[in-house]
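Breakdown of the fold
Each chain, letter by letter, is given below.
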Amino acid sequence: MARIIYGSELSVKLKSDMAHQVEQYTRIHRQPKLAVVLVGDDPASMSYVKGKEKACDAIGMASKTYHLDGSTTLDTLLTLIDGLNHDHTVDGILVQLPLPDHLDEQQVLSKIDPSKDVDGLTPISMGRFFANQPGFKPCTPLGIMALLKEANVTIEGKHAVVVGRSQLVGNPIAQLLLRANATVTMCHSRTVDLEEVTKTADILIVAIGKPRYIGANHVKDGAVVIDVGVNRVDGKLCGDVDFDMVEPKVSVITPVPKGVGPMTITMLLSNTLQAYRLHEGIDV
Ligand code: NAP
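Residues numbered from 1 in each chain as written. Predicted model: local features only at pLDDT ≥ 70, side-chain atom pairs only at ≥ 80, totals over all residues. Heavy atoms only, no water.

1. Concerning the domain arrangement of the protein
- Per the domain assignment, the segments making up the protein are domain 1 (29–112) and domain 2 (139–261).
- The centre of domain 1, based on its C-alpha atoms, is set 29 Å off from the matching centre of domain 2. (Domains from an automatic or database assignment.)

Structure (structure tokens):
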């Protein structure tokens with residue numbers, strides 16, 4: 001029987017700490033604020049944005065969503081971001097992805113002031129991250145590292161296998177694990193005989209977006225399994241790992257929902273609070 005690590009529980013603890021900090025800061029300083037830019041009416045994006053607004057509210061952080069029409073031009077979007085860059089009451093700017101096809105994501109993200117890039121996805125933040133320089137790190141990998149810490153998982157010297165190589169999750173989590181002295185193997189859609197590789201993992205991180213793809217044959221006894229995937233099957237959420245088959249074999253596993261997902265939003269709050277401290281000159 002595995003130990004199930006709920007990001008939802010760790011998030012409550014971390015958010016309560018942040019709410020306390022916000023309460024202290026706002027006795028002297030202005031309220032921290034996150035600006036969220038949403039283009040179009042994609043239901044999943046709209047629901048993610050709602051979740052972010054609720055999370056901000058829960059810790060006493062202000063948030064404002066700029067909901068633009070799906071046919072918004074690049075110029076309009078860049079002008080909005082420019083305004084937010086210069087708005088001294090805004091600490092973090094988040095552009096909800098994916099954007100409609102006619103908008104170039106890289107061009108849009110590049111416009112965000114790096115000191116407000118709380119998603120850590122602009123080319124400057126990415127460059128700083130991979131160069132090991134101070135700056136904002138992407139939220140999901142930060143959340144995964146916090147979950148591993150919470151579960152007291154030893155990373156140093158372990159073999160970590162990351163399945164998926166996206167800029168959002170796979171690539172940066174591999175880098176963080178490497179920095180924590182794991183020996184890291186990255187897999188992707190062209191990996192030959194994935195099972196042979198994943199079976200050697202002490203720590204297995206899966207971020208591919210394929211419902212219940214990783215089964216019992218993919219994992220070794222006692223492994224630590226972090227399931228990043230969020231898939232909807234027959235109206236219900238599930239991960240990239242077949243939880244029921246894998247859980248009896250491993251030592252630690254995250255569920256979907258209530259696993260990595262809540263940690264991503266919590267790390268967004270944490271990054272926004274970090275941006276706020278920088279903007280307000282608050283030392284910690
Ligand atoms: P992505 O950009 O679509 O990348 C998917 C990666 O998986 C690619 O590197 C792809 O390989 C690899 N892949 C696809 N099929 C594979 C297979 N059969 N075997 C091995 N590798 C395979 O996805 P993403 O943005 O990283 O997201 C991955 C999943 O995590 C999605 O379900 C997403 O919804 C979820 N997610 C969750 C959170 C959260 O907070 N819980 C945050 C972000 C993402 P190639 O590079 O070769 O194409």
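Additional details are given in the paragraphs that follow.
2. Some thoughts on the site of the ligand
- Neighbouring the ligand are 21 residues; Arg165, Ser166, Ser189, Lys210 and Thr264 lie closest to it.
- In this structure, an oxygen atom belonging to the ligand sits 2.5 Å away from a side-chain N or O atom of Ser166.
- The protein chains hide 72% of the 920 Å² of surface that the ligand would expose on its own.
- Sorting elements by how many residues they give to the shell around the ligand places helix H10 (residues 260–280) first, with three residues.
- Among the residues forming the shell around the ligand, the class breakdown is nine nonpolar, 10 polar and two charged. (Near = heavy atom within 4 Å. Polar contact = N/O pair within 3.5 Å; in protein donor to acceptor, adjacent residues only side chain to side chain. Areas by Shrake-Rupley, 256 points an atom, 1.4 Å probe, with all protein chains shown as cover. Helix = DSSP H or I, 4+ residues; strand = E, 2+ residues; numbered from the N terminus. Nonpolar A, V, L, I, M, F, W, Y, C, P; charged D, E, K, R; others polar.)

3. Things to note about the nonpolar core
- Counting residues in hydrophobic clusters, the biggest one holds 49 residues, and the most contacted among them are Ile144, Leu148, Leu177, Ile203, Ile205 and Val228.
- The greatest single-element share of this core, amounting to eight residues, is contributed by H10.
- Shared between two domains, this core takes at least three residues from each, and those domains are domain 1 (29–112) and domain 2 (139–261).
- Not counting residues within four places of it along the chain, the set of residues in contact with Ile203 comprises Leu148, Val153, Thr154, Ile155, Lys158, His159, Ala160, Val161 and Val224.
- With 19 residues, the next largest nonpolar core counts Val39, Leu68, Val90 and Leu121 among its residues. (Core = buried A, V, L, I, M, F, W, Y, C linked by side-chain atoms within 4.5 Å. Buried < 20%, exposed > 50% of the residue type's maximum accessible area, 1.4 Å probe, protein only. Contact = heavy atoms within 4.5 Å.)

4. Here's the deal with the pairing of strand S3 (residues 62–68)
- Sheet topology places strand S2 (residues 33–39) next to S3; seven bridges connect them, and they run parallel. Bridge pairing in S3 places Val37 opposite Tyr66.
- Between S2 and its parallel partner S3, the chain crosses via helix H2 (residues 43–58), and the hand of that crossover is right-handed. (Pairing = 2+ DSSP bridges. Right-handed = clockwise from strand over helix to strand, strands pointing away.)

5. Digging into the confidence of the model for the protein
- Summarising the model, the protein shows a mean pLDDT of 97, and 100% of its residues fall at 70 or more.
- Within the protein, strand S9 (residues 231–233) has the poorest average pLDDT of any element, 95, and strand S5 (residues 159–163) the best, 99. (pLDDT = per-residue confidence, 0-100.)

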